[in-house]
Amino acid sequence: MKIQMKTPLVELDGDEMTRVLWPLIKDKLLLPFIDLQTEYYDLGIEERDRTNDQITIDAAEAIKKYGVGVKNATITPNQDRVEEYGLKEQWKSPNATVRAMLDGTVFRKPIMVKNIKPSVRSWQKPIVVGRHAYGDFYKNAEIFAEAGGKLEIVVTDKNGKETRQTIMEVDEPAIVQGIHNTVASIGHFARACFEYSLDQKIDCWFATKDTISKQYDQRFKIIFEEIFAQEYKEKFAAAGIEYFYTLIDDVVARMMKTEGGMLWACKNYDGDVMSDMVASAFGSLAMMSSVLVSPYGYFEYEAAHGTVQRHYYQHLKGERTSTNPVALIYAWTGALRKRGELDGTPDLCAFCDSLEAITIECIESGYMTGDLARICEPAAIKVLDSIEFIDELGKRLQQLNK
Ligand code: NAD
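Summarised in this report is the structure supplied together with it. Quick caveat, the model's predicted, so the values are computed rather than measured.

As for helix α8 (residues 248–255)
Here comes step 1: Three or more residues of α8 are buried, namely Ile248, Val251 and Met255. Seen along its axis, α8 keeps its buried residues to an arc of 60°; they face one direction.
Here comes step 2: Residues of α8 that are buried in the fold lie against β10 (204–208), β11 (243–247), β12 (263–266) and α9 (268–282).

Encoded structure:
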């Protein structure tokens, strides 16, 4: 009998190579074992264009309704994509839209296997990057001031009172950018990180550039300090873990000398960049799990990588591809396990544990996709293409469930 689900999972499909792999993962690794219940939203670029991006908003609303979503990688269109797909406009990043609607923090954790050594020799444990997923220059206003001029920043409060500051006066072409964050969202970010650290029993490191940014970054530092002192100091002491604040340049240097095993809380842009660096140093973008944790109790699981465009064009030509599906598989297991925890269906959680364990075992036994085969030690026994790798996992799962 298949494992039953009590509540549907919100399923957000995507584009290109990851769209090709998505149904294979479902058909071969999930549907034979689970009576899978999902509410499907097609976030492929054509459907976003057809619906004027309403489908992305509907999907985010559905996550708010049901609590847990799983998202495939999606194209964020630039001008090239507008021409390639004949789009009406350069639609916004669906990730940014969903994150703005759910608020929250994205936690990215490397998936470690014994036969892939991190590029940084001292790293032995995963470094989890906690990325604040609201505001900063992802929700900005920018002006190219062709003739230069008096560049100002203005805040108009509810009563119409203006606070104005001059950034610079220039008489040459200039660029200006205005960014924001909210005290509430920074507080959510701090609490999400402290909760994650406590849950995983790992230290929490946080860094900004408060020496230069005396209002913006310093506010992050103060909010973290206050929330930690008021709500978490004792809990951290009891769990034997620490909260550590330093400057972003200091944390980058120190991180290279640690053995890993901490949560690195990052502002939005730092997290965007550092999570890719950490993923790559631990082996591959495809060996990284990623979840958006919203302060309102919503969870969105995704792969940390993109749509693997180059492989998709190979696939369209009928060539074999070595796209690694591990991060996509972990997006599904993460989401289904959370569904199982919320619904009280432990057999669903146990299945997700098994699928993850089988995936790790498969790679550690020498069977893997090309991206990993290039960096694994000892050498791979068999290099599999994407479909063969999923088939191999399916075979191992069938054996386990006999
Ligand atoms: P990408 O992550 O698709 O690829 C970056 C590099 O990593 C490429 O060399 C690729 O071959 C390799 N790579 C990534 N995932 C891999 C996997 N699973 N197996 C093997 N190799 C893998 O990023 P990109 O090329 O910058 O972007 C392609 C498209 O993806 C763009 O349209 C972009 O907008 C979109 N994108 C989406 C997301 C998301 O939805 N989460 C994130 C990043 C990029």
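Structure shown, so let's carry the discussion forward.
Here's the deal with the environment of Arg191
Here comes step 1: By secondary structure assignment, the location of Arg191 is in helix α6 (residues 183–200).
Here comes step 2: A C-alpha to C-alpha distance of 9.7 Å links Arg191 and Thr105, two positions 86 residues apart in sequence.
Here comes step 3: Apart from residues no more than four positions distant in its own chain, Arg191 is found in contact with Ile227, Glu231 and Tyr232.

Quick notes on the packing of aromatic side chains
Think of a pair of aromatic rings as described by two things: how far the centres are apart, and how the planes are tilted against each other in angle.
Here comes step 1: Applying the stated criterion across every chain, the model contains 24 aromatic pairs.
Here comes step 2: With centroids separated by 5.1 Å and ring planes inclined at 45°, the aromatic side chains of Trp22 and Trp332 adopt a geometry described as tilted. Taken together, the residues Trp22 in helix α1 (residues 16–30) and Trp332 in helix α11 (residues 326–343) connect sequence positions 310 residues apart. No difference in accessibility class separates Trp22 from Trp332, as the two residues are buried.
Here comes step 3: Ring centres of Phe189 and Phe224 lie 5.1 Å apart, and the angle between their planes is 75°; this geometry places the pair in the edge-to-face category.

Some words on the pairing of β11
Here comes step 1: Taken together, the five bridges between β10 and β11 define a ladder with parallel strand orientation. By the bridge assignment, Phe206 is partnered in β11 with Tyr245.
Here comes step 2: In this fold, β10 hands off to helix α7 (residues 216–239), which returns the chain to β11; that crossover is right-handed.

Parameters at a glance
- Residues numbered from 1 in each chain as written.
- Predicted model: local features only at pLDDT ≥ 70, side-chain atom pairs only at ≥ 80, totals over all residues.
- Heavy atoms only, no water.
- Buried < 20%, exposed > 50% of the residue type's maximum accessible area, 1.4 Å probe, protein only.
- Helix = DSSP H or I, 4+ residues; strand = E, 2+ residues; numbered from the N terminus.
- Arc of directions from axis to C-beta.
- Contact = heavy atoms within 4.5 Å.
- Phe/Tyr/Trp six-rings, centres within 6.5 Å; stacked < 30°, edge-to-face > 60°.
- Pairing = 2+ DSSP bridges.
- Right-handed = clockwise from strand over helix to strand, strands pointing away.

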